[in-house]
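Fold and geometry: a report
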Amino acid sequence: MDAVATQQSWFETLAPKMAKQWEQFHDSVYESGELDAKSKELIAAAASTVGRCPHCTRGHIQKAQAQGATKQEIAETFMITSLISSGTELHWMLDDYEELLGDGAAGERWFQEQTEQMGSQWRTFHDDLYEESALDRKTKELVAIAVAETRRCRHCTIAHINGAQEQGATKEEIAEAIMVASLIASGTQLVWMKEDYERLLGDQDDV
């Protein structure tokens, strides 16, 4: 909790028991397990970005670097985050598109049929990011799982769980990646709430 401790002080002061339980949850996620510390921090940085928490993102970038992550690995992590975030929007639109505008377009390729050039470029973007590079394919899929889970896209989550297993990820590694995403989702909310709490309630006495 050190990376965002000053941002969470209000929570620790006003709900100390729950804050302690959250801290224990945090520590349990980062204890040694199947996933190495660098992978957990890269996943955390990606999930923090999806959660739109600059404090958390900065903290986890720094921690990833402390665990040996290179700038190239970090950059690729955020490009995967961008790719999966855009992909979740396309999948979410499938049902709405077919209901409102459907004309027989086939499955997940509706956007390619209606926006052929843009759809083709998105597929190229996708394929290029999944080529071998600084980040190995398994780590890319684990990052993708965390982003898809945080974005609440069931189609994408299933696809990337399958992809991670194809790249040799164990069930334990996948479970730990999801738990990192869960932890970050809760942590980003605490950080975001600090400013609102101080603005709305910070100078009020209990009645």
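Higher on the page you've got the structure.
Residues numbered from 1 in each chain as written. Predicted model: local features only at pLDDT ≥ 70, side-chain atom pairs only at ≥ 80, totals over all residues. Heavy atoms only, no water.

**Focus on the overall build of the protein**
Here is the rule we go by: In this text, helices come from DSSP runs of H or I with a minimum length of four residues, and strands from runs of E with a minimum of two, each type numbered from the N-terminal end. The rule is simple: take the accessible area with a 1.4 Å probe, protein chains only, and divide by the maximum for that residue type; under 20% is buried, over 50% is exposed, in between is partly exposed. The contact definition used throughout considers only heavy atoms, calling two residues in contact when any of these lie within 4.5 Å. What sets the accessible areas is the Shrake-Rupley method with a 1.4 Å probe; for residues, cover comes only from the shown protein chains.
Helix and strand counts for the protein stand at 10 helices and zero strands. Beginning at the N terminus, the succession of helices and strands in the protein can be written as α-α-α-α-α-α-α-α-α-α. A burial count over the protein gives 40% of its 207 residues as buried. Here the analysis covers contacts within the protein between residues at least 6 apart in sequence; of these, 67% occur between residues at least 24 apart. Carbon and sulfur atoms make up 51% of the accessible area of the protein, which amounts to about 11,800 Å² in all.

**Regarding the nonpolar core**
Just so we agree on the cut-off: Throughout this description, the term nonpolar core refers to a set of buried Ala, Val, Leu, Ile, Met, Phe, Trp, Tyr and Cys residues connected via side-chain atoms within 4.5 Å.
Formed by 39 residues in total, the largest nonpolar core has its most connected members in Phe11, Ile43, Ile80, Ile84 and Leu142. Every element with two or more residues in this core is listed here: α1 (9-14), α2 (16-30), α3 (37-50), α5 (71-101), α7 (116-129), α8 (137-150), α9 (154-166) and α10 (171-201). Here this core takes eight residues from α10, the largest share from any one element. When neighbours within four sequence positions are excluded, Ile80 is seen to be in contact with Leu129, Tyr130, Lys140, Val143 and Ala144. In this structure, Leu42, Ala64, Ala69 and Leu135 belong to the second largest nonpolar core, which totals five residues.

**Some points on α3**
Rules: A helix's residues, less one, multiplied by 1.5 Å, set its expected span.
Its 14 residues give α3 an end-to-end C-alpha distance of 20 Å, which sits within 8% of 20 Å, the value for a rise of 1.5 Å per residue. Among the 14 residues of α3, 11 are classified as buried, and the element is accordingly described as predominantly covered.

**Describing the pattern of salt bridges**
The condition is simple: Basic side-chain nitrogens of Lys or Arg form a salt bridge, by our definition, when they fall within 4 Å of a carboxyl oxygen of Asp or Glu.
Throughout the structure, instances matching the rule amount to five salt bridges. Asp127 is the salt-bridge partner of Arg123, the closest N and O atoms lying 3.8 Å from each other. With a gap of four residues between them, Arg123 and Asp127 both fall in helix α7, about one helical turn apart. You can call Arg123 partly exposed: its relative accessible area is 22%. Among the salt bridges present, the one from Glu173 reaches Lys138, with a minimum N-O distance of 3.0 Å.

**Some thoughts on the state of the cysteines**
Heads up, the condition is: The disulfide criterion is simple: two cysteine sulfur atoms within 2.5 Å.
Tallied over the entire structure, the rule returns one disulfide. In this model, Cys53 is linked to Cys56 through a disulfide, with the two sulfur atoms separated by 2.5 Å. Negative torsions about the S-S bond denote left-handed disulfides, and the value of about 60 degrees found for Cys53 with Cys56 makes this one right-handed. Residue classification places Cys53 among the buried residues on the basis of a relative accessible area of 2%.

**Some remarks on unusual backbone geometry**
One non-glycine residue, Arg52, lies in the positive phi region at around 55 degrees. Relative to the helices and strands, Arg52 is located in the loop between α3 and α4 (54-66). Owing to a relative accessible area of 64%, Arg52 belongs among the exposed residues under this scheme. Of note in the backbone geometry, Arg152 takes a positive phi value of approximately 60 degrees without being a glycine. Within the secondary structure layout, Arg152 lies in the loop between α8 and α9. In this structure Arg152 comes out as exposed when scored by relative accessible area, which is 69%.

**Quick notes on the packing of α2 against α10**
For clarity, the threshold we go by: Helix axes are fitted to C-alpha atoms over the stretch in contact, other axes to C-alpha atoms as well, and angles between N-to-C directions run from 0 to 180 degrees. Note on convention: near helix rotated counterclockwise from far helix by under a right angle means a left-handed crossing. Clockwise means right-handed. Here the nonpolar group is Ala, Val, Leu, Ile, Met, Phe, Trp, Tyr, Cys and Pro; Asp, Glu, Lys and Arg are the charged ones; every other residue, Gly included, is treated as polar.
Two elements in contact, α2 and α10, have axes whose closest approach is 10 Å; the angle formed by their N-to-C orientations is 145 degrees. Crossing geometry of α2 relative to α10 is assigned as left-handed. The residues of α10 that touch α2, namely those facing Trp22, Phe25, His26, Val29 and Tyr30, are Met179, Val180, Ser182, Leu183, Ile184, Ser186, Gly187 and Leu190. Within the contact of α2 with α10, the residues separate by chemical class into nine nonpolar, four polar and no charged.

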